[in-house]
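What follows is each chain in one-letter form.
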Amino acid sequence: MLGTVASRVNSWVRTNVVGAASEDALAGKPAGDIDRDYGRIEDGLGKVKGDLDRIDEDTKLRPPALKNFKNAELIMLGAGVGGAIGGGLGVADSLITSAVARPEVVVSETKVPIFSEKLTGSTFVEVPRYDEQPVFNSSGQQVGTTRELVGWDVRHTPSITQERIGEYTQRSHEIKTPGSGSPLTSGLVGLGIGMGVGAGLGALIAVGRKAVGQGYEEHERREVKGETQLLIKTGAVGAVIGGGVGLLNGLMESNNAVSQSYNSETPVTEHRVLGQIPSDYFKSALSANGGNTPGTVNIERDVPKTGFFGRPEVDKNEVQVQQDGRFGLVGGLVGGVVVGGIAGVGIGVALNVLRRTI
C-alpha cells in the first residue's frame, strides 16, 4: 500500500519538479549540473521509497499463526471465547424455555383406607416387685441385705381390632417447571462451562502444538494500546445486548403464571369410648386375699365418624395453587446485564490477545 504511494510521489516529482526545472529554472545550466541535480532528486526519492516500504512491512497485518501465541494467551483466548459462547447459550436456553414451556401443576391422588377400632378385651402381665430386707447375724448385727418378693404389679393392655369401613381420596400437587432457570442462573452456568471447556482446549493446543513443531517462537511483539478501554467497551456492549434479551425473557416468563384448584378429602373423626378394661393394680404376696382389687378404666380413641348405613363421613377441602413465573422483569434484566457484561469482557480479552499477534 505504502509502496504504491511512493511510486505516485516519484511520478509526480518527475512530471512537476524535474520537468518544470528542465524547462524553466534549469534553462541555460550546464548539462553536468542538471544531471547532478536530477541524481540528487532520484537518490532522495529512492530513500523515501525505501523508508515507506519498511513502514509498510512493519505495519502490515499478518494472519495469526499458532507460533505467535504464548501458552497463556491460548488459554485466555479459549476461555474468553468459550465463556462468551457458553453464557450466550445459557441465556438463550432460558429465553426458549420461557417461550415454549409453561409451569404445570400435576395433581396426584391416593386412595386411603378408613379403619374403625373395636375393643375385644385386654391382656395383662405380672411384674414381680422386690424389697431389700436386712440380714442379721446371731449377735444381732446386720451383715447384708436380701431381696424378698413382696408382690406383683399387674398391668393391663387393651386388645383392639381394626375393621376397614371405607376409604377417602387424598390429593396432593407438584409444580413442574421444565427447562433451565433464570437468565442469571443459566447464563452463569453456561459461562462457567464455556470458560472451562475453552481454557481446556487452549491448554490442550498449547501442549499438542509442540508435537507438530508449532511451539511459541520469540519475536518482536506488536505494541497494543487501549486494552482496558476495549474491555470496557465490549463489556458495555455485552451488557446492553444481554439486558435486552433478559428483559424480553422476564416479560415472557411473567406471562407463565398458573392458577389452579382441586379438592382433597379428610375423614371426619370423633372421640369415643370403646369400652372398659381392668385398671392396673398391685397384688400382694403377703396378703391372703392378694391385696388390692382392680377397678376399671375407659378406653378412648379418636375414631371415624359414621353416618347412616355405617358409612364414614369425609370433609372435602378446596386447595388453591398459585404459581408465579420463575422470575420477573427485574430478575430477567439484571441477569441478562450481568451475564452479557461478563461475556462481553471475555470477547474483549480474546480480541486483545489477537491484536498482539496480528
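Residues numbered from 1 in each chain as written. Predicted model: local features only at pLDDT ≥ 70, side-chain atom pairs only at ≥ 80, totals over all residues. Heavy atoms only, no water.

Help me get a handle on the overall build of the chain, residues and values and all.
The secondary structure content of the chain amounts to six helices and seven strands. When its helices and strands are written in sequence order, the chain yields α-α-α-β-β-α-α-β-β-β-β-β-α. For the chain, the residues scored as buried account for 28% of the 358 residues in total. In the chain, once contacts between residues fewer than 6 apart in sequence are set aside, the share between residues at least 24 apart is 85%. (Helix = DSSP H or I, 4+ residues; strand = E, 2+ residues; numbered from the N terminus. Buried < 20%, exposed > 50% of the residue type's maximum accessible area, 1.4 Å probe, protein only. Contact = heavy atoms within 4.5 Å.)

Quick one: what's the story with the packing of helix α3 (residues 71-100) against helix α4 (residues 183-208), residue by residue and with numbers?
At a minimum axis separation of 6 Å, α3 and α4 run at an interaxial angle of 150°. Taken as axis vectors, α3 and α4 run roughly antiparallel relative to one another. The handedness of the crossing between α3 and α4 is right-handed. Along the lines of polarity and charge, the residues of the contact of α3 with α4 split into twelve nonpolar, 14 polar and no charged. (Axes fitted to C-alpha atoms, helices over the stretch in contact; angles between N-to-C directions. Parallel < 35°, antiparallel > 145°, perpendicular 65-115°, else oblique. Left-handed = near helix turned anticlockwise from the far one by under 90°. Nonpolar A, V, L, I, M, F, W, Y, C, P; charged D, E, K, R; others polar.)

Before we move on, can you summarise the sheet that holds strand β2 (residues 142-176) with the specific residues and values?
Within the open sheet, the three strands sit side by side as β1-β2-β5. Their pairing is antiparallel. The open sheet is flanked by β1 (104-136) and β5 (281-284), the only strands paired with a single partner. In this sheet, adjacent strand axes meet at a mean angle of 15° when their direction is disregarded. Of the pairings in the sheet, the one linking β2 to β5 comprises four bridges and is antiparallel in character. Bridging from a neighbouring strand, Gly151 pairs with Ser284 of β5. (Pairing = 2+ DSSP bridges.)

Tell me about a nonpolar patch on the surface, residues and numbers included.
Together, Leu184, Leu188, Val330, Val334, Val338 and Ile342 make up a nonpolar patch on the protein surface, roughly 460 Å² of accessible area in all. Those elements that provide at least two residues to the nonpolar patch are α4 and α6 (329-357). In terms of residues, the nonpolar patch owes the most to one element, α6, which gives four residues. Relative to the helices and strands, Ile342 resides in helix α6. Classification of Ile342 as partly exposed rests on a relative accessible area of 40%. (Patch = residues over 30% accessible without salt bridge, like charges linked within 9 Å, V, L, I, M, F, W, Y side chains within 5 Å. Areas by Shrake-Rupley, 256 points an atom, 1.4 Å probe, with all protein chains shown as cover. Salt bridge = Lys/Arg side-chain N within 4 Å of Asp/Glu carboxyl O.)

Talk me through the packing of aromatic side chains; I want residue IDs and the actual numbers.
Inspection of every chain in the model, using the stated rule, returns zero aromatic pairs. Cation over ring: Arg129 sits above Phe282, and NZ or CZ is 4.0 Å from the ring centre. For Arg147, the ring lying beneath its charged end belongs to Tyr130, and the centroid distance is 4.1 Å. (Phe/Tyr/Trp six-rings, centres within 6.5 Å; stacked < 30°, edge-to-face > 60°. Lys NZ or Arg CZ within 6 Å of the ring centre and 35° of its normal.)

Could you give an account of the pattern of salt bridges, with specific residues and numbers?
Applying the stated rule across the entire model yields six salt bridges. Note that Arg171 is salt-bridged to Glu109, the shortest N-O span being 3.1 Å. Here Arg171, found in strand β2, pairs with Glu109, found in strand β1; they are 62 residues apart in sequence, far enough to count as distant. The class of Arg171 is partly exposed, set by a relative accessible area of 26%. Of the charged contacts in the structure, one is a salt bridge between Arg272 and Glu270, with a shortest N-O distance of 2.6 Å. Assessed through its relative accessible area of 31%, Arg272 is described here as partly exposed.

How would you explain the side chain of Ser264 if you had to name every residue and give the values?
By the element assignment, Ser264 lies in strand β3 (residues 258-267). Within polar-contact distance, the side chain of Ser264 engages the backbone nitrogen of Arg171 at 3.2 Å. Aside from chain neighbours lying at most four places away, what touches Ser264 is Thr169, Gln170, Arg171, Asp315, Lys316 and Asn317. (Polar contact = N/O pair within 3.5 Å; in protein donor to acceptor, adjacent residues only side chain to side chain.)

If you had to explain the environment of Gly196 to someone new, which residues and values would you point to?
Tracing the backbone shows Gly196 in helix α4. Separated by 117 residues in sequence, Gly196 and Ala79 have C-alpha atoms that sit 6.6 Å apart.

Describe α4, naming the residues involved and giving the relevant values.
Since the α-helix packs 3.6 residues into each turn, any two residues three or four apart lie on the same face. With 26 residues, α4 should cover 38 Å at 1.5 Å per step; its first-to-last C-alpha distance of 36 Å lies within 8% of that length. For α4, the complete set of buried residues consists of Pro183, Ser186, Gly187, Gly190, Leu191, Gly194, Gly198, Gly202 and Ala206. At its buried positions, α4 is contacted by α3, α5 (227-254) and α6. (Expected span 1.5 Å × (residues − 1).)

Let's hear about the side chain of His156: which residues, and what values?
Relative to the helices and strands, His156 resides in strand β2. There is a polar contact of 3.3 Å between the side chain of His156 and the backbone oxygen of Ser279. Aside from chain neighbours lying at most four places away, what touches His156 is Ser122, Thr123, Phe124, Ile277, Pro278, Ser279, Asp280 and Tyr281.

Account for the packing of α3 against α5, naming residues and giving values.
Axes are the key here: two packed helices are described by the angle between their axes and the distance separating the axes. Two numbers describe how α3 lies on α5: the axes approach to 8 Å, and their chain directions differ by 25°. With respect to α5, the axis of α3 lies roughly parallel. Crossing of α3 over α5 shows left-handed handedness. On α5, the residues that touch Val91, Ser94, Leu95, Ser98 and Ala99 of α3 are Val245, Leu248, Asn249, Met252 and Glu253. Here the contact of α3 with α5 is built from residues that sort into six nonpolar, three polar and one charged.

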